[in-house]
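Chain residues, written in single-letter form:
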Amino acid sequence: MKTPDGRVLAVEEWGVPDGIPVLYTHGTPMSRLARYPDDSLFTEMGVRLVTYDRPGFGASSPRSGRRVHDAADDIATIADELGIDRFPLFGVSGGGPHALAFAARFPERVTRVATLAGPAPCDAGGLDWTAGMMEANRKTSVAALRGREALVAHFAEEDAESESPATLMPAAEQAVLARPEVKRMLAAAFAEAVRPGTDGWIDDELALYGLPWGFDPAGITVPVRIWHGTRDTVIPVSHARWLAARIPAATLIEDGEAGHAGHFAATPAMLRWLVTGD
């Protein structure tokens, strides 16, 4: 799809073509191929799942210097092109803030929003942003706060493009990531994400870890459900608690047994709430 400023957005659809539309915002570093690994879930629920590559990932044009709030216009472009007026949004990990951005900017077009294992803004007042966070993400956060050049240098040192999502995650997440269906989906989604290089990944990390989002979560008026595993060291649960305390219509669901990848098990219930309200 073409944006008003001439960029290209790569979009994919899953499930039932004339089903209930749900827009999914992928994690970091992922692509439009990221989703719940069993596509039959969407068919069983009558869902038309719409996914897309954020700028610089996969087949979407880059947008250097983008901030989280910029995703709202891209999502609006996609919805307009598909003829979708009002719909729920579903964001996982780094996709969570981008789903919230659309809800903040276009509340009249949103029914509900679900975020799973997502971060709070890097300038969140009163939140120790990296407390309890795994070392790799802490280092990325430090670099992002210093600017894009520092983040580029950090990526070069880490040789990030040679890594897979599984090897970047803590040992506690490996049992979920080793499941064949999860492993296949993540491998394909990651390979597509970095196919053009790591610029999209760098821009995503800068937007999430180094720049203000460009909107206040406290201004979100639509119903929001926030899920987080208390054993998450990729994005600590304190981020979810901070968001839930500020979004007026937010409900926080904590899973005391789950880490970051626990969002896969939490997806069916969250998707059901998105499409039925139950």
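Residues numbered from 1 in each chain as written. Predicted model: local features only at pLDDT ≥ 70, side-chain atom pairs only at ≥ 80, totals over all residues. Heavy atoms only, no water.

A. Fine view of the sheet that holds strand β3 (residues 47-52). Taken in spatial order, the seven strands of this open sheet run β1-β3-β2-β4-β5-β6-β7, and their pairing is mixed. Pairing within the sheet leaves two strands with one partner each, and these edge strands are β1 (11-15) and β7 (250-255). Taken over all neighbouring pairs, the strand axes of this sheet differ in orientation by 20° on average, direction set aside. Pairing of strand β5 (residues 110-116) with strand β6 (residues 224-229) involves four bridges; the strand directions are parallel. Within β6, the residue paired with A114 across the bridge is R225. Against the sheet, helix α2 (residues 71-82) contacts β1, β2 (20-25), β3 and β4 (87-92), and its axis sits at roughly 135° relative to β3. (Pairing = 2+ DSSP bridges. Helix = DSSP H or I, 4+ residues; strand = E, 2+ residues; numbered from the N terminus. Axes fitted to C-alpha atoms, helices over the stretch in contact; angles between N-to-C directions. Contact = heavy atoms within 4.5 Å.)

B. Highlighting the side chain of S60. Mapped onto the elements, S60 comes out in the loop between β3 and α2. A distance of 2.9 Å separates a polar atom in the side chain of S60 from the backbone nitrogen of A10. The residues contacting S60, other than those within four sequence positions of it, are V8, L9, A10, D53, R54 and P55. (Polar contact = N/O pair within 3.5 Å; in protein donor to acceptor, adjacent residues only side chain to side chain.)

C. Quick peek at the packing of aromatic side chains. As enumerated under the stated definition, the model contains seven aromatic pairs in all. Measuring from ring centre to ring centre gives 5.0 Å for W129 and Y209, while their planes differ by 70°; the resulting arrangement is edge-to-face. Residue W129 is located in the loop between β5 and α4 (135-145), and its partner Y209 is located in helix α9 (residues 199-210); the two are separated by 80 residues in the primary sequence. A single burial state applies to W129 and to Y209, both of which are buried. Through a chain of ring-to-ring contacts, the aromatic side chains of F87, F102 and F106 assemble into a single cluster. When the ring centre of W273 is taken as origin, the NZ or CZ atom of R112, which lies over that ring, is 6.0 Å away. (Phe/Tyr/Trp six-rings, centres within 6.5 Å; stacked < 30°, edge-to-face > 60°. Buried < 20%, exposed > 50% of the residue type's maximum accessible area, 1.4 Å probe, protein only. Lys NZ or Arg CZ within 6 Å of the ring centre and 35° of its normal.)

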